[in-house]
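# Coordinates in review
Okay, here's what each chain looks like letter by letter:
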Amino acid sequence: MGFARTCSVALVGVEGVVVEVQADLEPGVAAFTLVGLPDKSLTESRDRVRAAVVNSGGEWPQKKLTVGLSPASVPKGGSGFDLAVACAVLGASERIDPRVLADIVMIGELGLDGRVRPVRGVLPAVLAAADAGYEQVVVPECTAAEATLVPGVSVLGVRSLRQLIAVLTDEPVPDEAPDDTGRPDPLMAGLSLPGAGLGVDVSGGRAADDDHRHDLADVVGQISARTAIEVAAAGGHHVFLQGPPGAGKTMLAERLPTIMPRLTREESLEVTAVHSVAGMLPPGKPLVDIPPFCAPHHSSTMQSLVGGGKGIARPGAVSLAHRGVLFLDEAPEFSSHALDALRQPLESGYVVIARSAGVVRLPSRFQMLLAANPCPCGRFSFTGNACECSPPSIRRYQSRLSGPLLDRVDLRVEVEPVTRSELTAAGTRGETTRVVAERVREARDRAAARYRDTPWRTNSDVPGHELRTRWHAVPGAMTEAESSLERGTLTARGLDRVLRVAWTVADLAGHDRPDETDVALALQLRTGVPRGVPMVLGARP
């Protein structure tokens, strides 16, 4: 009887569970049994592994073979167990010393010719292995850079099963020449899920880059909307832009990520883990260090927004926008059920999805940016009353965004149509992305210093009770906001959000505490009612 074991990782959402892969050989009729709650793709590994071992020069044992995946109660899926199953079988047949395999975690799919193909989710899998105390990991060669992002783990990238067998048996390692046909490497196809990355950008448009694809200076006019975008970037606030078509709502939304600071190392690992599971990592860039921008179409289902799918739930748009921006253009056209499903992640920063195969918790701390027309035709606010919609249709259209959802939005701005004089005037470009991004960075630094000994980093993260009791505004500054609460024009949640925005405005203006002007601007951005304060943050004293 032969027995060997090694390890792999099962992904549940973006969290990994280390799985022990055990192989047992017994005398009897040649058969291959795979147990341990595998799904269809994992069950098919029996044929892939057999062909890969034979085509790699190994001998397939002609005995009764049982491969067990422990713990058996955890659902397991995908082709990432192939490499571990093959090595466990070779260890049981004494082609590889079983003692060498016991403390190694192996992740990778096997082709029929023995090549090791990449799989999605390598980073969260290696993170799970490191948390479990494992120090050696074997991954496909093209995902080794992603795996090495985890400190304290020795990573071996292999191109084929032959190479791995040679390394584990101290034999000369054969050279595996890459495909030189000029076509894209077919191995890289395992890292990309077709269609999953539609509407998500994690590759460019940064203020610190030389290529200014999205510069705020390109936005003509729109002083209030530009101020709202700057405040949102500095404090992590949600924004609602309402205005006619062609006013610049999408342009402003695309420029929000460009003025946001780069992600910290911890945030980058979180975002990269989500995008790795979703099969959306940019080619040649294993670490996502800029805020992602996700803009799903208004026909998207609730499952595509919050996550779901058959079996174990996959990340949705709210998770793909984690630590970045979720832009919902034509927001009233989205399903009301899908929009209301956003309320939980907006408050908690994560989404919990229950399926028959298990419960998955996915990170979803994002900034939501809603954009909407004032009416179905979009011309309700035009001068001259060119709108052709009836009052009931306008009310129905505007009521598609529920009150509880809008109450969670910090900034609400009316985007006015751009005039001819603004478009044709020379030398009236606004501040560039680089200038605004620097002011946002300084405001973030002030907030980070204020919350240095707390679990929060931005003003939007701080609970209202903590903000009211530990960090006080200038005496009398909140009088007008508190009066709005008494009149019923602000809810208690709204009052807390006004205070958060006031702190962000104060950070941008360089004030130690919010004064009356800061609170007035926060109220104006929250309610849309003019308060007689300047909207240009760069020009404020």
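Residues numbered from 1 in each chain as written. Predicted model: local features only at pLDDT ≥ 70, side-chain atom pairs only at ≥ 80, totals over all residues. Heavy atoms only, no water.

Time to look at the overall build of the chain. Across its full length, the chain holds 22 helices and 17 strands. For the chain, the spread of C-alpha atoms along the principal axes amounts to about 85 × 50 × 45 Å. The proportion of buried residues among the 541 residues of the chain is 51%. Considering only residue pairs separated by 6 or more positions, the chain has 72% of its internal contacts joining residues 24 or more positions apart. Summed over all atoms, the accessible surface of the chain reaches about 23600 Å², with 51% contributed by carbon and sulfur. (Helix = DSSP H or I, 4+ residues; strand = E, 2+ residues; numbered from the N terminus. Buried < 20%, exposed > 50% of the residue type's maximum accessible area, 1.4 Å probe, protein only. Contact = heavy atoms within 4.5 Å. Areas by Shrake-Rupley, 256 points an atom, 1.4 Å probe, with all protein chains shown as cover.)

With 4 of 5 residues buried, strand 8 (residues 136–140) lies mostly within the body of the structure. As defined by bridge partners, strand 5 (residues 104–106) adjoins strand 8 across 3 bridges and the pair is classed as parallel. Looking at the pairing, Val-105 lines up with Val-137 of strand 8. In this sheet, strand 9 (residues 154–158) lies alongside strand 8 in parallel orientation, the contact comprising 5 bridges. Each residue of the ladder has a partner; that of Val-139, found in strand 9, is Gly-157. (Pairing = 2+ DSSP bridges.)

Let's shift gears to helix 18 (residues 433–450). When the terminal C-alpha atoms of helix 18 are compared, their 26 Å separation across 18 residues agrees well with the 26 Å that a helix rising 1.5 Å per residue should span. Among all positions of helix 18, only Thr-433, Val-436, Ala-437, Arg-439, Val-440, Ala-443, Arg-444, Ala-447 and Arg-450 are buried. When helix 18 is viewed along its axis, its buried side chains cluster within an angular range of 160° and face the same direction. (Expected span 1.5 Å × (residues − 1). Arc of directions from axis to C-beta.)

Moving on, we come to the pattern of salt bridges. Inspection of the entire model under this criterion finds 32 salt bridges. With a closest N to O distance of 2.9 Å, Arg-450 and Asp-507 form a salt bridge. With Arg-450 in helix 18 and Asp-507 in helix 21 (residues 492–509), this residue pair connects regions lying 57 residues apart in the sequence. Neither residue differs from the other here; Arg-450 and Asp-507 are each classed as buried. Members of the salt-bridge network, linked through shared partners, are Glu-347, Asp-407, Arg-408, Asp-410, Arg-493, Arg-497 and Arg-526. (Salt bridge = Lys/Arg side-chain N within 4 Å of Asp/Glu carboxyl O.)

This part covers the packing of helix 20 (residues 479–487) against helix 21. Packing of helix 20 against helix 21 brings their axes to within 10 Å, and their N-to-C directions diverge by 165°. Viewed along their axes, helix 20 and helix 21 adopt a mutual orientation that is roughly antiparallel. Between helix 20 and helix 21 lies a crossing of right-handed hand. Contacts from Ala-481, Glu-482 and Leu-485 in helix 20 reach Ala-492, Leu-495 and Val-498 in helix 21. (Axes fitted to C-alpha atoms, helices over the stretch in contact; angles between N-to-C directions. Parallel < 35°, antiparallel > 145°, perpendicular 65-115°, else oblique. Left-handed = near helix turned anticlockwise from the far one by under 90°.)

Moving on: the packing of aromatic side chains. As enumerated under the stated definition, the model contains 4 aromatic pairs in all. Seen in terms of ring centroids, Phe-32 and Trp-60 are 5.6 Å apart; in terms of plane orientation they differ by 45°. Their pairing is tilted. With Phe-32 in strand 3 (residues 31–35) and Trp-60 in the loop between helix 2 (45–55) and strand 4 (64–70), this pair connects stretches of sequence that are 28 residues apart. Taken as a pair, Phe-32 and Trp-60 share a single burial class, namely buried. Centroid distance Phe-293 to Phe-327: 6.0 Å. Interplanar angle 25°. Geometry classified as stacked. One end of the pair, Phe-293, is in strand 12 (residues 293–294); the other, Phe-327, is in strand 13 (residues 325–328), with 34 residues separating them in the sequence. (Phe/Tyr/Trp six-rings, centres within 6.5 Å; stacked < 30°, edge-to-face > 60°.)

A word on the pairing of strand 13. Because side chains alternate across strand 13, one face comprises the buried residues Val-325 and Phe-327, and the other comprises Leu-326 and Leu-328, equally buried. Bridge count for strand 12 against strand 13 is 2 bridges, and the pairing is parallel. If you follow Phe-293 over to strand 13, its bridge partner there is Val-325. Relative to strand 16 (residues 367–372), strand 13 runs parallel, the two being bridged by 4 bridges. Bridged to Val-325 within strand 16 is Gln-367.

Structurally, the position occupied by Glu-416 is in the loop between strand 17 (411–414) and helix 17 (420–424). Separated by 337 residues in sequence, Glu-416 and Ser-79 have C-alpha atoms that sit 53 Å apart. Setting aside chain neighbours within four positions, we find Glu-416 in contact with Gln-222 and Ala-247.

Right, let's get into the layout of surface pockets. Summary: where empty space remains is shown by rolling a probe the size of a single water molecule over the atoms. What the largest pocket holds in volume is close to 930 Å³. Lining the largest pocket are 39 residues, and of these Arg-323, Arg-365, Thr-458, Ser-460 and Asp-461 sit closest to its centre. Secondary-structure elements contributing two or more residues to the lining of the largest pocket are helix 10 (265–278), helix 14 (343–348), helix 18 and helix 21. Across the lining of the largest pocket, the residue classes break down as 12 nonpolar, 11 polar and 16 charged. Taken as a whole, the second largest pocket spans an internal volume of roughly 760 Å³. In terms of lining residues, the second largest pocket is bounded by 31 residues, among which Leu-11, Gly-77, Gly-78, Ser-79 and Arg-314 are the most central. Examining the composition of the lining of the second largest pocket, we find that 4 residues originate from one element, strand 1 (residues 2–12), more than from any other. Within the lining of the second largest pocket, the residues separate by chemical class into 15 nonpolar, 10 polar and 6 charged. (1 Å grid on protein atoms, 1.4 Å probe; cavity = no way out; pocket = protein on both sides within 12 Å on 5 of 7 lines; lining within 4 Å. Points joined across faces, edges and corners; volume = space filled by probe spheres on them. Nonpolar A, V, L, I, M, F, W, Y, C, P; charged D, E, K, R; others polar.)

Turning our eyes to something else, we now look at the confidence of the model for the chain. For the chain, the average pLDDT comes to 88, and 90% of its residues sit at 70 or higher. Taken as a whole, residues 204–211 scores under 50 in pLDDT and shows 21 contacts with residues more than four places along the chain or in a different chain. (pLDDT = per-residue confidence, 0-100.)

Note the cis peptide between Ser-70 and Pro-71, where omega equals 5°. Positionally, Pro-71 belongs in the loop between strand 4 and helix 3 (82–92). For Asp-170, which is not a glycine, the phi torsion comes out positive at approximately 60°. Residue Asp-170 is classed as exposed on the basis of its relative accessible area, which comes to 72%. Even without a glycine there, the phi angle at Gln-222 is positive, about 55°. Inspection of the secondary structure assignment puts Gln-222 in the loop between strand 10 (200–201) and helix 8 (223–235). Classification of Gln-222 by relative accessible area gives buried; the value is 10%.

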